[in-house]
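# A structural walkthrough
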Amino acid sequence: MISMEDLIKKVFEDWKWQVKDMSDYELNEDRSEWMKNYGRKHKSDLVDDFESDIHTISIELEQLRRNREIYYGD
């Protein structure tokens, strides 16, 4: 089991290296919907479910930071 501290570190690292520099256009997507429809169906040796979930949390936190809400589609 991963500790809460290590989990938060992983989210922060993903945010620092991938999410913080994303444009508003790139961020304004329904990430949860994307994961439900595409993320779990696309299996890759390079990215596992855990890393995809970390990235989703990073994106949704950045949406909260910039827009004060998580974006959900129509």
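Quick notes on the rules
- Residues numbered from 1 in each chain as written.
- Predicted model: local features only at pLDDT ≥ 70, side-chain atom pairs only at ≥ 80, totals over all residues.
- Heavy atoms only, no water.
- Helix = DSSP H or I, 4+ residues; strand = E, 2+ residues; numbered from the N terminus.
- Buried < 20%, exposed > 50% of the residue type's maximum accessible area, 1.4 Å probe, protein only.
- Areas by Shrake-Rupley, 256 points an atom, 1.4 Å probe, with all protein chains shown as cover.
- Axes fitted to C-alpha atoms, helices over the stretch in contact; angles between N-to-C directions.
- Parallel < 35°, antiparallel > 145°, perpendicular 65-115°, else oblique.
- Left-handed = near helix turned anticlockwise from the far one by under 90°.
- Contact = heavy atoms within 4.5 Å.
- Nonpolar A, V, L, I, M, F, W, Y, C, P; charged D, E, K, R; others polar.

### Things to note about the overall build of the protein chain
Across its full length, the protein chain carries four helices and zero strands. Listed N to C, the secondary structure of the protein chain is α-α-α-α in terms of helices and strands. In the protein chain, buried positions account for 24% of the 74 residues. Of the roughly 5900 Å² of accessible surface on the protein chain, a fraction of 54% belongs to carbon and sulfur atoms.

### Considerations on the packing of helix α3 (residues 31-39) against helix α4 (residues 49-67)
Interhelical geometry of α3 versus α4 gives an angle of 160° and a closest axis separation of 10 Å. With respect to each other, α3 and α4 are oriented roughly antiparallel. Helix-helix and strand crossings are classified by hand; for α3 and α4 the assignment is right-handed. Of the residues in α4, those touching α3 at Arg-31, Ser-32 and Met-35 are Ser-52, Asp-53, His-55, Thr-56, Ile-59 and Glu-60. Among the residues forming the contact of α3 with α4, the class breakdown is two nonpolar, four polar and three charged.

The analysis is restricted to geometry; functional conclusions fall outside its scope.
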